[in-house]
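Chain and residue survey
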Amino acid sequence: MAELLLIVRLGGERVALPAADVESVVEIESLTPVPGAAGHVAGLAALRSRVLTVIDCLASLDPSRRLPEDAAEAVMAVVDGHPYALLVEAVEDVVEASGERQPAAASLTGGWRRIGRATVEAEGDLLLLADVEALIAGPAREAA
Amino acid sequence: MDDLINDFIAETREMLEALSGEIVAWEAMPDDRARLDEIFRFVHTVKGNSGFFDLPRIRALSHAAEDALAAVRSGARSADARLVSAVLAIIDRLAELVEALETGEALASEDDSALIEALSDEGPAQAVEAEAVPSNQAARTSSRTIRLPVELLDRMMSGVSDLVLARNELARRIRATGDAEMIAAFDRVSATVADLRDGITRTRMQRIDNLFAPLPRMVRDISGQIGKQVALEIDGGDVEIDREMLEMIRDPLTHIVRNAIDHGIEKPAERRRAGKSESGLLRVCARQAGNQILLEITDDGRGIDGDKLVSRAIAAGLVTAERAERLSAAQKTALVFEPGLSTAAAVTDLSGRGVGMDVVRANVERIGGLVDVESRTGQGVVLTLRVPLTLTIIPALTVGADGQVYAIPRSAIEEIVRVKGGGVRVESVGGAAFATVRGRRLPLVHLRRSLGREPCADPSAQSLVLLRPAGADLYALAVDDIHDHEELVVKPAAPAVMAAGLYAGTTIADDGKPVLLLDPPGIAAKAGLSLHRASADAEAATSPAPAAAQGPAALLFRTLEGKTRLVPIAAVQRIEDVRPEAVQLSAGRLHVALGETLLPLEGCGCAVPDRPIRLLRLGDGHKEIAYGFADVVDILPLPAGLMPATEPGEVRGVVLVGDEQAELLDLHWLFARHGARSAPGAARPVCAIPSGDPFMDAILRPLVESAGYDVVASGAPGSEAASIVIASAEAGEAPAPEGARLVRIRAAAEGEDGSVHRYDREALLAALAGEGPPRRRRRRG
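Report follows, based on the coordinates. Being a predicted model, the structure only gives us computed values, none of them experimental. (Residues numbered from 1 in each chain as written. Chains lettered and ligands numbered in written order. Predicted model: local features only at pLDDT ≥ 70, side-chain atom pairs only at ≥ 80, totals over all residues.)

**Concerning the sheet that holds strand β30 (residues 660-665) of chain B**
Residue and element names in this part refer to chain B. Taken in spatial order, the six strands line up as β27-β19-β20-β30-β29-β28 in an open sheet, and their pairing is mixed. Two strands close off the open sheet at either side, each with one partner strand: β27 (631-637) and β28 (643-644). Pairing analysis gives two bridges linking strand β20 (residues 564-568) to β30, with the strands arranged parallel. Across the sheet, arginine 565 pairs through a bridge with glutamate 663, a residue of β30. (Pairing = 2+ DSSP bridges. Helix = DSSP H or I, 4+ residues; strand = E, 2+ residues; numbered from the N terminus.)

**Some details on the interface of chain A and chain B**
Of the residues lining the interface, 22 residues belong to chain A; the matching set on chain B comes to 21 residues. Secondary-structure elements contributing two or more residues to the side of chain A that touches chain B are β4 (41-47), β5 (50-56), β7 (82-87) and α3 (132-143) of chain A. Grouping the constituent residues of the side of chain A that touches chain B by class yields 15 nonpolar, seven polar and no charged. (Contact = placed C-beta atoms within 7 Å. Nonpolar A, V, L, I, M, F, W, Y, C, P; charged D, E, K, R; others polar.)

**Focus on the packing of helix α7 (residues 150-177) of chain B against helix α8 (residues 180-203) of chain B**
All names here are of chain B. Packing of α7 against α8 brings their axes to within 10 Å, and their N-to-C directions diverge by 160°. By the criterion of interaxial angle, the relationship of α7 to α8 is roughly antiparallel. Viewed along their axes, α7 and α8 form a crossing whose handedness is left-handed. Within the contact between the two elements, α7 uses Leu153, Met156, Met157, Val160, Leu163, Val164, Arg167, Leu170, Ala171, Ile174, Arg175 and Thr177 and α8 uses Met182, Ile183, Phe186, Ser190, Val193, Leu196, Arg197, Ile200 and Thr203. Taken together, the residues that form the contact of α7 with α8 break down as 15 nonpolar, three polar and three charged. (Axes fitted to C-alpha atoms, helices over the stretch in contact; angles between N-to-C directions. Parallel < 35°, antiparallel > 145°, perpendicular 65-115°, else oblique. Left-handed = near helix turned anticlockwise from the far one by under 90°.)

**Notes on the sheet that holds strand β32 (residues 710-713) of chain B**
All names here are of chain B. Spatial strand order, β32-β31-β33-β34-β35: five strands in an open sheet with parallel pairing. Two strands in the sheet have a free side with no partner beyond their single neighbour: β32 and β35 (755-757). Averaged over all neighbouring strand pairs, the angle between strand axes comes to 30°, with direction disregarded. Inspection of the sheet shows strand β33 (residues 724-728) paired to strand β34 (residues 741-746) by five bridges, in the parallel sense. Note on β34: the bridge partner recorded for isoleucine 724 is arginine 741. Against the sheet, helix α22 (residues 694-706) contacts β31 (686-689) and β32, and its axis sits at roughly 165° relative to β31. Together, β33, β34 and β35 form the strand contacts of helix α23 (residues 761-768), whose direction differs from that of β35 by roughly 140°.

**With respect to the environment of Leu52(A)**
Residues and elements named next belong to chain A. Position of leucine 52 among the secondary structure elements: in strand β5. A count of 25 C-beta atoms within 10 Å places leucine 52 in the buried class. On a C-alpha basis, the gap between leucine 52 and leucine 86 in space is 9.5 Å, while along the polypeptide they are 34 residues apart. With residues near it in sequence (within four places) discarded, leucine 52 still touches Leu44, Ala45, Leu47, Met76, Pro83, Tyr84 and Ala85. (Buried ≥ 20, exposed ≤ 12 C-beta atoms within 10 Å, placed from the backbone.)

Here it is in C-alpha cells:
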C-alpha cells in the first residue's frame, strides 16, 4: 500500500510529512509564550485538557525566520508522550505517495538538510519528506 | 509484615474463589488432568507462601495435599473418590484457617491430623467431611480487600484530573455570574470533587516499604559477591508515596545502593586500616517533608574523590582546567552527576556499566525531584533524593508577570508580601538585589528578568513571593500580581520547554489557557542564587549552546569611587549598611565594628567615609573582611576572558560585562593581606621577648604580634618553643634556645652590628620574617 503523506507549505515550498506520524490537524487560536525556551518554540496551546507545545517550523528550519503572528494551521504529533503542534504556513492535503521513498539528495541546503528525511513522489511532484522529530528538535540540538 | 500477611490472605482467598468451580468439576471427573493441575498448583502455592510466615497448620495441610496430588500426577496413585474428598476437606480447612487468620479468631477444630491421615492410601475415608462444614459467614464480610489492575487506577486518576480541570473552568464561569445560590450549590460539587480526588490519590499511595523490600537481599548479594561486609539499616518504611512515583525512584535507588556498596564502602582490610569497623554501614531512610518525600542514602565509606572527578572532567573536556581550579569542594563532588564520569578505576560488573549517576539525576529530575550529594572524604557519602509526593495534582499559586500567568507550587512558598506593605524594603539598584522583609535580608529575583522581559514600570506595585525551594535557601521572587490559589493538574512539559531551566511542568488554568509551572530551584539557579545544585559548569555542559560560557555567579557592584567591580558570590556572606561612626582608622587600617565583631575594612582607601556605606562581608570560611561599596548592580554568571592585572593587588583583572569593563576582585590578595592577623586557633610561631622591659612589653610586643607571632616572655613556660628570641643588645649576650633565631635590639640609633634599632620598623619586620638583618651579612663578608 502506498504511503500516505500530509502536504504542508513551509518556507514557500510544499513539504510532505508522513501521515503515520501525524495525529491530527489543528488550528491554534491563542498561544502562551514560553520565555527562555529555544526560538523555535512558539509557545503553548491548550487542546481540551492537553497542553500542546507549539513549534514554529519555519524557525526550526531557519533560526532567523519566524512564521507570521497570525499563523494558525498546525499539525499535531506526539513524540515521546509529549503532544506537539507544528505550526506551518498552510496545511494542504493528504495524498498517496506514488512511489517508494528515495534518499534525500545530498545537495539539500541549510535547514532542509536537517529536517529532510527522504524525497518522495506524489501527484507528479517530487517532495521533500520532512522528519517530525527533527522539526521539533529545532536547530539547537543539531548544533550540540 | 502485616502487609505481607494481608497480601497472602487476599491472594489465597482469590485463588480459593477461582478454584471453587474447579473443585466441583474435579469431583465429578477425578481423571481430568487440567483440573488436577489447577488444584495442585493451588496447594503448592499456598505451601510456598505459608513458608514465609509462621503458619504451621496451613503449611502441614497444604504440604500433605501436595504430596498426595503429586503422586497422582506422576501416576503412582489414581484419583479415587476417597482421595478427592480428602483433598477437598483439606482445601475447606485451608479456607477456614485463612479466614481465621484474617479475623483473628481461633478455630474450633485444632486438630488437622485426621484430615492429613485421610489422604493416605488406606485411611478411613468418610469421617472427615462433616467436620469441615461450619464456616463463619459473618466474619467473612468484616474486612475485605480487593485487588485492582493499576491501569484502572491510573485511568480513574486521569479522569479525576480532567474533572478537576472542568470544575475549575465551571467555577470561574459560575463566579462570573454572581448568582449566590448557584455558587453555593457549586461549592458542594466542588468539595465533593476535592474529596474524590483525595480518595483516588490515596488509592494510588503505597508504603515505601515496597521499594525497600528487595534491598536487604540485594545488599547481601552484592556485598558477598565482592567480598565486603555491609550492614543495612532501613528507616521510614511506613512513608506513603504515589505508586507511579515509587516506580520512578526504584531504579535510581537501586543504582545508588549498588554504587555505595561497590564504590563507597571499602573492603574489610582497608576499613580496618582506616580505623573503622570491618563492616560498612548503609542507611536508607525515608521521610515526608511537606508534600515531598526525602530519601537519604548514607554510607560510611571512603567518600567521593572530588579531585579525581575533576581530573576526569578535565580529561573529558567537561570543564577547563582554569575553571576546575575555582570549583568548590561541593561543586567537585557534584561532578559525579556528569555523564561519563564514574570514579571507579575499573568498570565493574555491578555498577560501572555506563549507567551512571547522571542517569540517576536525570530520572529524578524528570519527575520534579532533586538529588543532592554530600561527601566527606574517608567518612562517607550522603545522597538525598527529594521527590514530590504525587505527580499529578498540586496546589499552586498563580501569579502574573508581564501580562502572563504563571503558577508556583505552593509547597515552595513560605510567604507572600507586598512591596508596598510594612516591613518590606526592596533595595533594587540597576534591577537586581535584595529584599528585606521584617529585618530578614533575602536575595531578590525579578521574575520578569528571569523570563527575559522588560523590568516592571512600577516596582512598588509588585509583590514578593518568598520561596524556599527544596534543598536551597530562601529567596524572594518579585512578581507583578498575585492571582489565586488553585489546584492544578500538572503535566510534564516537553523537553524543549524544560530546556529553559525555569519550568517544572505545564498545566491548564481555569480559563482554559495553558500555564507554565515555575520551578523555584531552577529560577534560583538561573539567577545564580542556588549553590546547592550542581555547578554552573554542569549546567553549561548540558544545556544548549547560548549558555555555554557561564561561570560561577558573581556580584556586580559599584565601588565608593564609582568603579564597577565583580566578586564571586560564593565569597559574599552578606551585605550590611553601616553608619560612618562604625568605621575607624585604627592601627593604620580602616576597621569597622559590626556588633561584637571588628573587621578589617577594604574598598574605602584610607579615608573614613563621611556618610553611611554598604558593606560586603566577604568570607573564606575562616576569616571575614568587610568591603565598602556604593551599590549592587547585578548578579550574573562570572564572564570568561579575564585580562589579568599587571601587578598583584586588590584587582585580579578585567572582564567584560556586556560592553562594560568590570574589575574582578582578587580575593586571594585581599585575604592574604589580612591573613596572619585574624586566624584564631591557627598554630602561630612563637616569639620570646625579654620580660619586665616597658618598651618590649608595650611597644614591641604588638608589632611582633601583628607580624603573626604569639609572644611569650623569655624564660616563661612555652618560651622553649619559640622560633625567634628577641633580646636587648644592651643586656649583653642572651642564650638562644636550640633551633631558634636570635634578634638583638638596641635602644641607640647607632650601635653594634647585628642588632636592630628598636624603631627601625622595616629592619625589625625583616628580622622577624627571617630575612636577616642586612648588617649581619655585612659583618660576615
